[in-house]
Amino acid sequence: MSGLIVENLTVDHGAIRAINNVSFSVPQGQLAAIIGANGAGKTTLLRALSGLNNAKNGTATWNGKSILHEKPEDLARSGIMHVSDGKSVIAELTVKENLALAGIWRKDKADAAKATAEAIELFPRLGERLQQSAGSLSGGERQMLAIGRALIARPKLLLLDEPSMGLAPVLVDMIFETIEKINKQGTTILLVEQNALAALNVADRAYVLESGSIKMSGKAKDLISNDEVTKAYLGG
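Residues numbered from 1 in each chain as written. Predicted model: local features only at pLDDT ≥ 70, side-chain atom pairs only at ≥ 80, totals over all residues. Heavy atoms only, no water.

A few words on the overall build of the protein. For the protein, the helix and strand inventory stands at 10 helices and 10 strands. Since a compact globule built from 236 residues should have a radius of gyration of about 18 Å, the 17 Å found for the protein is in line with a globular shape. Over its C-alpha atoms, taken along the principal directions, the protein stretches across nearly 45 × 40 × 35 Å. A burial count over the protein gives 49% of its 236 residues as buried. The long-range fraction of contacts in the protein, counting pairs at least 24 apart against all pairs at least 6 apart in sequence, stands at 68%. Just so you have it, the protein exposes about 11000 Å², and 48% of that area is on carbon and sulfur atoms. If the 26 positive side-chain charges of the protein are averaged to one point and the 25 negative ones to another, these points end up 4 Å apart. (Helix = DSSP H or I, 4+ residues; strand = E, 2+ residues; numbered from the N terminus. Rg over C-alpha atoms; globule rule 2.2 N^0.38 Å. Buried < 20%, exposed > 50% of the residue type's maximum accessible area, 1.4 Å probe, protein only. Contact = heavy atoms within 4.5 Å. Areas by Shrake-Rupley, 256 points an atom, 1.4 Å probe, with all protein chains shown as cover. Lys, Arg positive; Asp, Glu negative; His and termini not counted. Charge placed at Lys NZ, Arg CZ, Asp CG, Glu CD.)

With that out of the way, let us pick up the pairing of strand β7 (residues 157-161). For β7, the tally of buried residues reaches five of five residues, placing the bulk of the element in the interior. Residues of β7 alternate between two faces, with L157, L159 and D161 on one and L158 and L160 on the opposite face, all of them buried. Between the parallel elements β7 and strand β8 (residues 188-193), the chain passes through helix α7 (residues 169-184) in a crossover that is right-handed. (Right-handed = clockwise from strand over helix to strand, strands pointing away.)

Let's shift gears to the packing of helix α4 (residues 109-122) against helix α6 (residues 139-152). It is the contact of α4 with α6, at a shortest axis distance of 8 Å, that shows an interaxial angle of 150 degrees. Judged on the interaxial angle alone, α6 and α4 are roughly antiparallel. Between α4 and α6 lies a crossing whose hand is right-handed. Seen from α4, the contacting residues are A112, A115, T116, A119 and L122; seen from α6, they are G148, L151 and I152. Taken together, the residues that form the contact of α4 with α6 break down as six nonpolar, two polar and no charged. (Axes fitted to C-alpha atoms, helices over the stretch in contact; angles between N-to-C directions. Parallel < 35°, antiparallel > 145°, perpendicular 65-115°, else oblique. Left-handed = near helix turned anticlockwise from the far one by under 90°. Nonpolar A, V, L, I, M, F, W, Y, C, P; charged D, E, K, R; others polar.)

Moving on, we get to the nonpolar core. Among soluble globular proteins, nonpolar side chains are generally buried collectively. Formed by 48 residues in total, the largest nonpolar core has its most connected members in L145, I147, L158, L160, I179, I189 and L191. Counting residues per element, this core draws most heavily on α6, which supplies seven residues. Here L145 is in contact with V89, V95, N98, L99, L126, A134 and L137, once residues within four sequence places are set aside. One finds F24, V26, W62 and L159 within the second-largest nonpolar core, a separate group that totals 28 residues. (Core = buried A, V, L, I, M, F, W, Y, C linked by side-chain atoms within 4.5 Å.)

Glancing now at the sheet that holds strand β4 (residues 57-62). With respect to topology, four strands assemble into an open sheet ordered β2-β1-β4-β5, the strand pairing being antiparallel. Two strands close off the open sheet at either side, each with one partner strand: β2 (16-27) and β5 (65-66). As defined by bridge partners, β4 adjoins β5 across two bridges and the pair is classed as antiparallel. In the strand pairing of β5, T61 is matched with S66. Relative to strand β1 (residues 3-13), helix α1 (residues 42-49) is tilted by about 115 degrees, and along the sheet it contacts β1, β2 and β4. (Pairing = 2+ DSSP bridges.)

With 14 residues, α4 ought to run about 20 Å at 1.5 Å a step, and its terminal C-alpha atoms sit 20 Å apart, in line with that. Within α4, the full set of buried residues consists of D111, A112, A115, A119 and L122. Take α4 and look down its axis: the buried residues cluster within an arc of 105 degrees, on one side only. For α4, the exposed residues set more than 90 degrees away from the buried face come down to A110 and E121. The inward-facing, buried residues of α4 abut α5 (124-128), α6 and α7. (Expected span 1.5 Å × (residues − 1). Arc of directions from axis to C-beta.)

In structure tokens form, the structure reads like this:
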């Protein structure tokens, strides 16, 4: 199967086992969500896949090629982009300068310029604030900038970590509509999210992470109606 395949992944934080023998897959072109409470290990999992954390055991491949223990910049150049959250933007730089960072290493400068225009079209607010410092943006605008910057790299696999964190409901809706649109354009997405309902509504498949282990998995539409998931994560 092409896409992201994770098998028996284990990640330790010192003496603490943060991720324990986790296995899951995201077929190419699909959107998979990993939901779970704060502290479940969701961010640690993404950081291991993007080269920011070292895995103790297990494997992770993207279209047959191992991605564990690679440098984050090398993974980015191969088409795997990690958007941690809105804090990942560089506050001292303008919106325009932050966006330009994504195209620095790209050889096709014409396409980088085209991708920048597409990101601004996707997030019109960025176009209105090109000369503002990123530090002056709202939380939602910083999230738009972080996602828009990643898209300029033309990612094949997008790792999104809590894109709705701290945002007003109207911005949450807009961010998830955009995520769905990006996926429909062909980008494979692994979405880590505490807002379980929003994540399940856009995902093809979903995995429930508890204390570093996958406790439940299935089609997203089936998990929405699962009594256990409803009680624990959907306020049922």
